[in-house]
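Residue-level structural notes
Each chain, written out:
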Amino acid sequence: MITKMTVTNIHVLDQDSAYDFYVNKLGFILVDDIPMGPDSRWLTVSPPDQPDLQLVLFPVKESKMFPKETAETLTRLIRQGIFGCGVLTCNDIFATYEELKAKGVEFIKPPTKEFYGTEALFKDDSGNFFSLQPLNNFNREA
Amino acid sequence: MNPAQEYPKVYLYRRIVQAKLFIDAHYADKIDLDNISDEAYFSKYHFIRLFKTVYGKTPHQYLKATRIEKAKQLLRQGNTVSDACFEVGFDSLSSFSGLFKRMVGQPASAYAAHYQQRQDQKAKTPLAFVPGCYAYQHGWTENSNFEETEPHPAG
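Now for a description of the structure that goes with this document.

How each quantity is defined
Residues numbered from 1 in each chain as written. Chains lettered and ligands numbered in written order. Predicted model: local features only at pLDDT ≥ 70, side-chain atom pairs only at ≥ 80, totals over all residues. Heavy atoms only, no water. Contact = heavy atoms within 4.5 Å. Salt bridge = Lys/Arg side-chain N within 4 Å of Asp/Glu carboxyl O. Polar contact = N/O pair within 3.5 Å; in protein donor to acceptor, adjacent residues only side chain to side chain. Helix = DSSP H or I, 4+ residues; strand = E, 2+ residues; numbered from the N terminus. Nonpolar A, V, L, I, M, F, W, Y, C, P; charged D, E, K, R; others polar. Core = buried A, V, L, I, M, F, W, Y, C linked by side-chain atoms within 4.5 Å. Buried < 20%, exposed > 50% of the residue type's maximum accessible area, 1.4 Å probe, protein only.

1. Details of the interface of chain A and chain B
The partner chain B presents 27 residues to the 30 residues of chain A that form the contact. Counting every contact that joins chain A to chain B gives three salt bridges. Measuring nitrogen to oxygen at the nearest pair gives 2.9 Å for the salt bridge that ties B:R14 to A:E98. Put simply, chain A and chain B have seven residue pairs in polar contact (both at pLDDT 80 or more) between them. Those elements giving two or more residues to the side of chain A that touches chain B turn out to be β1 (7-12), β2 (29-35), β3 (41-46), β4 (54-59), α3 (93-102) and β6 (106-114) of chain A. For the side of chain A that touches chain B, the residue count by class is 15 nonpolar, six polar and nine charged.

2. Looking at the nonpolar core
Formed by 58 residues in total, the largest nonpolar core has its most connected members in A:Y22, A:L26, A:L57, A:F107, A:F122 and B:F96. Setting aside anything within four residues of it in sequence, one finds A:L57 in contact with A:I10, A:V12, A:Q15, A:A18, A:Y19, A:Y22, A:L43 and A:V45. If you look at the next biggest cluster of nonpolar residues, it comprises 16 residues, including A:M36, A:V56, A:A71 and A:L74.

Shown next as structure tokens:
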């Protein structure tokens, strides 16, 4: 019986810059930053109130995993903003929007009323987009 | 599209957020509620109520929590307990230690020792902290430097 998701990926173009974005701008907690030989590190962060979910800031570059062509294609698609990484929830969407904007986060859509609730969209430093929503959207328990 | 048209009282949110960012930037200074509510241009009691509505904590609770979070960070970086205490704006070691233990659940020195122990383990057996599928796909399991202590299943 599967019970939880504990580790998942966010494909990023630069791990240093992603660290700065997720930790210093979004306020995520650094979980692990373990060197794994030259040019390689295991870098994971968690949303502040969800320590049992680790997001792997997974570097997209030519490697054993990604042949040159794959890495290039993936890089292009990420830059184009093709990939959405999911919904991030907050207590107060207007305050969170103002704070992230003050920190230089690029928003594609300011907080906007949709039929399912209020939503904003922003991009990470690589080009991945996230939906920002208050906890009570979709009748989630606040 | 101007977000000011999208939701009411945008100026109000901006001021609350300014106050929060003021705490984030000046937590180590001798700031108090008057500085903070001045920063937001509110009367003190109105401000406390609004801040709590938005952040779930009063400004004072938020300031304390920020200081303790920063102290944890300093301890993780290897600073002594008393350095961490004074660096984040506490006047007395005993009030820092008491608050740290209440908020974190263990004394500052134990927190630092536990963290250091985990770091040592990670340096010694990094693959024990990485899910096997990732290590395999990255080719880390082929790197003999990482195989000193624990042979991986495919080995």
